[in-house]
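Structural characterization, general
For reference, the chains in residue letters:
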Amino acid sequence: MLMVMPKTSQSKRRSRVKRAEACWPLTKTGVAPDAPTFAAAVIAWYRQQGRRDLPWQHSDDPYHRWVSEIMLQQTQVATVIPYYYRFIERFPDLQSLATARVDDVLDHWTGLGYYARARNLHHAAQVIARDHDGVFPGTFEEVAALPGIGRSTAGAILAFAFHQSYPILDGNVRRVLARYHAIDGWPGKADVARRLWAVAERHTPVEDVGDYTQAMMDVGAGVCSRRRPRCATCPLASGCKAHRQGNPEQYPASRPRRTRHRRTTTMVMARDHRGRVLLERRPAAGIWGGLWSFPECPAGRPPERWFQEQFGLEIKSGVPWDPVQHGFTHLELEIRPLPAQLVGTAIIVESLDHVWYKPGSSLGRGVAAPVRRLLEQLQDHPF
Ligand code: SF4
């Protein structure tokens, strides 16, 4: 039986206090310049107005905090909540996640996007089972070494689950700090990131670090919003440089414009005589890595001939459906769905990477959102 237990100790606590003192150099009067004021202000605000009833806040279990922090990367709280409940119901502890099939994990992630997060979560659970006897590690170095956990996520897990003082710097917190200190430049640049981490460290308190961390997330999400910061109600307004300058929206600087590539793909929705459709597992690397999808005919190839070469089966194509657009951060994908019917009754044998699926039945594997929608449409769509 695997157990999830913290590994904190007195000596770790002493070293954290020392580290925090180093982050807050004392003035001649023995008072740190502005850090306690900053932290005290956001903590006081949080205790009156912050979010204190999120599902993962009812637990100190690092497993729960870890799952929630990974889901919250690039995804808003309201979207995450139903996924979190479903995931924790299916994988209630580290052991159940470590021993699960990756397909099952991806299935419970379907619709949440950024699927590398789910694969890393699964992989990290196996690493913890193998290298840490199934006990979630309690030091920064160990947590940050797990797949899919960066410095900010490690800081959040340690703050929430182990009450250890480490800074976080997710997108929301970055915005608050860039405005509070009027830090110029795009945070993706190394020197700007360094300055932001330095102030994040300086403000992070030793006591009440969990409340402080959640408070910063809440100020970023609900008060210091990207377009219309509500400075009049902000607990940091009195010390905020950008507010004083009257230009908070100018911080942080936007990412330099990137060209978004366009790509077109034909998804062949080949059905057999029993109405089942052929799905294949995508390669682990690349978009929708490890998820299940329709076979994709390369641009410029006649789909019927390509299918024959690929699978040794003859198909008869139907009328193509309307194209579906799907945007990624770096790519604009146009999907051209092509219904097709197998000629005869011969089919390819199912394997680890190929499956015949009857639309409407349970699949138990992860599929990307546009593929799921196409599968739903296939249910009421005769060839
Ligand atoms: S005062 Fe305004 S700009 Fe400054 S942190 Fe608060 S909401 Fe953001």
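Our subject is the structure that appears above.
Summarised in this report is the structure supplied together with it.

On to the overall build of the protein. Within the protein one finds 15 helices and eight strands. Put simply, the protein has 383 residues, and 37% of those count as buried. Taking contacts inside the protein between residues at least 6 apart in sequence as the whole, the part at least 24 apart equals 68%.

Judged by nonpolar contacts, the single largest core of 91 residues is most densely connected at V42, V67, M216, V219, V268, M269 and A270. Sorting elements by how many residues they give to this core places helix α9 (residues 151–162) first, with eight residues. Both domains that furnish three or more residues to this core are identified here as domain 1 (10–250) and domain 2 (261–379). Apart from residues no more than four positions distant in its own chain, V268 is found in contact with F294, P295, C297, P303, F307, L338 and A340.

What follows is about the packing of helix α3 (residues 62–72) against helix α4 (residues 77–90). Between α3 and α4, whose axes approach to 10 Å, the crossing angle comes to 140°. With respect to α4, the element α3 is oriented oblique. The element α3 and its partner α4 pack so that their crossing is right-handed. Residues H64, V67, S68, M71 and L72 of α3 form the contact with α4, whose own contacting residues are V77, V80, Y83, Y84, F87 and I88. Within the contact of α3 with α4, the residues separate by chemical class into nine nonpolar, two polar and no charged.

As judged from the 11 bridges shared by strand β1 (residues 261–271) and strand β7 (residues 331–342), these two strands associate in the parallel manner. What sits directly across from A270, in β7, is A340.

Lining the immediate surroundings of the ligand are 15 residues, of which C224, C231, C234, C240 and P248 lie closest. When contributions to the shell around the ligand are tallied by element, the ones reaching two or more residues are α10 (171–180) and α13 (241–245). Top contributing element to the shell around the ligand by residue count: α10, with three residues. Of the residues assigned to the shell around the ligand, the class counts are 12 nonpolar, one polar and two charged.

All right, on to unusual backbone geometry then. Keep in mind that most residues, glycine aside, have a negative phi and that most peptide bonds are trans. In this structure, P252 follows Y251 across a cis peptide bond, with omega equal to -15°. With respect to the element layout, P252 can be found in the loop between α13 and β1. Notably, H163 is not glycine yet its phi reads approximately 55°, a positive angle. By the secondary structure assignment, H163 is in the loop between α9 and α10. By the C-beta count within 10 Å, which is 17 here, H163 ends up partly exposed. Despite not being glycine, W288 has its phi angle at roughly 50°, a positive value. The topology assignment puts W288 in the loop between β2 (277–281) and β3 (292–293).

On to the environment of A129, then. Structurally, the position occupied by A129 is in helix α7 (residues 116–131). Note on A129: 17 C-beta atoms within 10 Å, which makes it partly exposed. Taking the C-alpha atoms as reference points, A129 and L94, 35 residues apart in sequence, are found 7.9 Å from one another.

Moving on, we get to the environment of D61. Mapping D61 onto the fold places it in the loop between α2 (35–49) and α3. D61 sits in the buried class, given 20 other C-beta atoms within 10 Å. The spatial distance from the C-alpha of D61 to the C-alpha of D93 is 9.4 Å, given a sequence separation of 32 residues.

Rules and cut-offs
Residues numbered from 1 in each chain as written. Predicted model: local features only at pLDDT ≥ 70, side-chain atom pairs only at ≥ 80, totals over all residues. Helix = DSSP H or I, 4+ residues; strand = E, 2+ residues; numbered from the N terminus. Buried ≥ 20, exposed ≤ 12 C-beta atoms within 10 Å, placed from the backbone. Contact = placed C-beta atoms within 7 Å. Core = buried A, V, L, I, M, F, W, Y, C linked by C-beta atoms within 7 Å. Domains from an automatic or database assignment. Axes fitted to C-alpha atoms, helices over the stretch in contact; angles between N-to-C directions. Parallel < 35°, antiparallel > 145°, perpendicular 65-115°, else oblique. Left-handed = near helix turned anticlockwise from the far one by under 90°. Nonpolar A, V, L, I, M, F, W, Y, C, P; charged D, E, K, R; others polar. Pairing = 2+ DSSP bridges. Near = placed C-beta within 6 Å.

It is worth stressing that arrangement in space is one thing and function is another; only the former is reported here.
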